[in-house]
Amino acid sequence: MQVSTPIEIVERLSGPTFAVRTGLWLAHRTVLLQPKDSAARLGIDAKDIREPIQAALPSGTRFLGLSTSGLIRALDTLCVAPSGSNCLLIYNLDLLIARLYRQDRLEFWRTVFDGFPHRQRALLFLMPLGADHLIPLSQTLEAWRQDGRLAVEPATK
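Overview of the structure. Just so it is clear, the structure is predicted and the values come from calculations on it, not from any experiment.

1. Brief notes about the overall build of the chain
And then number 1: In terms of helices and strands, the chain carries eight helices and five strands.
And then number 2: When the helices and strands of the chain are read in sequence order from the N terminus, they spell out α-β-α-α-β-α-α-β-α-α-β-α-β.
And then number 3: Projected onto its principal axes, the C-alpha coordinates of the chain cover approximately 45 × 35 × 30 Å.
And then number 4: Within the chain, buried positions represent 46% of all 157 residues.
And then number 5: Of the contacts made within the chain by residues no fewer than 6 positions apart, 81% connect residues no fewer than 24 positions apart.
And then number 6: When the accessible surface of the chain is split by element, carbon and sulfur atoms take 51% of a total near 8,400 Å².
And then number 7: Charge separation in the chain, taken as the distance between the mean sites of 18 positive and 15 negative side-chain charges, equals 4 Å.

2. Quick word on the packing of aromatic side chains
By convention here, two paired aromatic rings are described through the distance between centres and the angle between planes.
And then number 1: Going through the model one piece at a time under the given rule, you end up with five aromatic pairs.
And then number 2: Ring plane angle 75° and centroid distance 5.2 Å describe the contact between F108 and W109, whose orientation is recorded as edge-to-face.
And then number 3: In this structure F108 comes out as buried when scored by relative accessible area, which is 0%.
And then number 4: Seen from their ring centres, F113 and W144 are 5.2 Å apart, and the 55° between their planes marks the pair as tilted. Highlighted residues: F113 in helix α7 (residues 102–114) and W144 in helix α8 (residues 138–146), separated in sequence by 31 residues.
And then number 5: A relative accessible area of 16% places F113 in the buried class.

3. Some remarks on helix α3 (residues 35–42)
And then number 1: Those residues of α3 that sit buried are P35, S38, A39 and L42. End-on view of α3: buried residues confined to an arc of 100°, all on one side of the axis. Looking at α3, the residues exposed on the side facing more than 90 degrees away from the buried face are K36, A40 and R41.
And then number 2: The secondary structure elements touched by the buried residues of α3 are α1 (6–14), β1 (22–27), α2 (29–33), β2 (45–48), β3 (87–91) and β4 (122–128).
And then number 3: In the segment just after α3, G43 is the residue with positive phi, at about 75°.

About the thresholds
- Residues numbered from 1 in each chain as written.
- Predicted model: local features only at pLDDT ≥ 70, side-chain atom pairs only at ≥ 80, totals over all residues.
- Heavy atoms only, no water.
- Helix = DSSP H or I, 4+ residues; strand = E, 2+ residues; numbered from the N terminus.
- Buried < 20%, exposed > 50% of the residue type's maximum accessible area, 1.4 Å probe, protein only.
- Contact = heavy atoms within 4.5 Å.
- Areas by Shrake-Rupley, 256 points an atom, 1.4 Å probe, with all protein chains shown as cover.
- Lys, Arg positive; Asp, Glu negative; His and termini not counted.
- Charge placed at Lys NZ, Arg CZ, Asp CG, Glu CD.
- Phe/Tyr/Trp six-rings, centres within 6.5 Å; stacked < 30°, edge-to-face > 60°.
- Arc of directions from axis to C-beta.

So this is what it looks like as structure tokens:
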């Protein structure tokens, strides 16, 4: 299977095929700067991953103390929050992933690929194209592609 388009991924994730309904979209900066517009074109809602994490912080907290489990809890919060669509475009994930240690990043991507089953909403993760240190390793990325859950923006002209 070749790399999918974002709309193909949304259609696949919205159907009954996958127990783990997550997808990965590697996009150019222009898409990253306007995630809500991109989500609207796909017919889904867009959610900033930072919001549930910030909302859960105790008053006066100075440091985030970010972890893989904290990111997963934030995604769970977004999966059950009221929304108009059954698929969410998750943006600003790159900002949080960059704060994790390498091993924690690998654990995060493994978890959302195969250890995040039966959530109320599908999730399409928006990540910057070319940020190879933030995205899954090549063999893991290949698994996303083979499953039809990877979209990569074509090169701009």
